[in-house]
Amino acid sequence: MDLVVVLVVCVISLLLLSLWKQNHTKVKLPPGPTPLPIIGNSLQINFKNISQSFSDFSETYGPVFTLYFGMKPTVVLHGYEAVKEALLDQEEDFSGRAHVPVFERTNKNRGVGFSNGKTWKDIRRFSLKALRNFGMGKRSIEERVQQEARTLVEELRKTNGYRKDVYLCFIHYEKTFDGVDRNKLV
């Protein structure tokens, strides 16, 4: 009996400590519904109609509010004006990415998908520059791909669709299909 009482007191103490830590964090967060310890606001959100839940929260707390998913606070921007202000007017403050400890440990903050901060910005800038040099965003590459696809379809029609080794040569070799020796492809 004494063991049960001790366990209940420990659990209640941990829950109260958790609640106190959430309310006394040093980070200033926007207002939001009071979270429950450990599960956060999960019981207050209708997961079948999340957009309606967010609309209800925005009516009460404004277009920018804080929800807790478990112990993790999440700032929610609801509505066009709030998103526009955050992404256009205050883009430096909102250009970061979420910290996911599992990905940080496994990838050591490398790569476009899982890096963060200055590393992410540098990799993103380099990747976009490389893709633009390749032709992303330019009309000419799209027209060349379409022309190469038409040539490929014509070539497959000649062989009744039997050739499996024909592909878009321009993308790989910067030469059109007509510029490649067909005997080398077989």
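The paragraphs below set out a description of the structure included in this document. What you see is a predicted model, and the numbers here were worked out from it, not measured in a lab.

### Examining the environment of Pro 33
Moving on, step 1. With respect to the secondary-structure elements, Pro 33 resides in the loop between α1 (2-23) and α2 (50-61).
Moving on, step 2. Pro 33 sits 33 residues away from Thr 66 along the chain, and the two C-alpha atoms are 7.5 Å apart.

### Topic: the environment of Arg 110
Moving on, step 1. Note that Arg 110 resides in the loop between α4 (101-107) and α5 (117-134).
Moving on, step 2. The class for Arg 110 is exposed, based on a relative accessible area of 53%.
Moving on, step 3. Considering only alpha carbons, one finds Arg 110 and Trp 120, 10 residues apart in sequence, at a separation of 7.9 Å.

### Digging into the nonpolar core
Moving on, step 1. Ile 45, Phe 54, Phe 57, Phe 65, Leu 67 and Val 76 form the largest nonpolar core, which has 6 residues in total.
Moving on, step 2. If you list the elements that add at least two residues to this core, you get α2 and β1 (64-69).
Moving on, step 3. Discounting chain neighbours no more than four positions away, the residues touching Leu 67 are Pro 33, Asn 41, Ile 45, Phe 54, Phe 57, Lys 72, Pro 73, Thr 74 and Val 76.

### As for the packing of aromatic side chains
Moving on, step 1. Within this structure, the stated rule accounts for 2 aromatic pairs.
Moving on, step 2. Relative to Phe 65, the ring of Phe 54 lies with its centre 6.1 Å away and its plane at 70 degrees, an arrangement referred to as edge-to-face. In this pair, Phe 54 sits in helix α2 while Phe 65 sits in strand β1, placing the two residues 11 residues apart along the sequence. When sorted by exposure, Phe 54 lands in the same class as Phe 65, which is buried.

### What about the pattern of salt bridges?
Moving on, step 1. Scanning all chains against the criterion turns up 1 salt bridge.
Moving on, step 2. Asp 122 serves as the salt-bridge partner of Arg 125, at 3.2 Å between the closest nitrogen and oxygen. Here Asp 122 and Arg 125 lie together in helix α5, a separation of 3 residues that amounts to about one turn.
Moving on, step 3. According to the relative accessible area criterion, Arg 125 is exposed, its value standing at 54%.
Moving on, step 4. Judged by relative accessible area, Asp 122 falls into the partly exposed class, the value being 32%.

Quick notes on the rules
- Residues numbered from 1 in each chain as written.
- Predicted model: local features only at pLDDT ≥ 70, side-chain atom pairs only at ≥ 80, totals over all residues.
- Heavy atoms only, no water.
- Helix = DSSP H or I, 4+ residues; strand = E, 2+ residues; numbered from the N terminus.
- Buried < 20%, exposed > 50% of the residue type's maximum accessible area, 1.4 Å probe, protein only.
- Core = buried A, V, L, I, M, F, W, Y, C linked by side-chain atoms within 4.5 Å.
- Contact = heavy atoms within 4.5 Å.
- Phe/Tyr/Trp six-rings, centres within 6.5 Å; stacked < 30°, edge-to-face > 60°.
- Salt bridge = Lys/Arg side-chain N within 4 Å of Asp/Glu carboxyl O.

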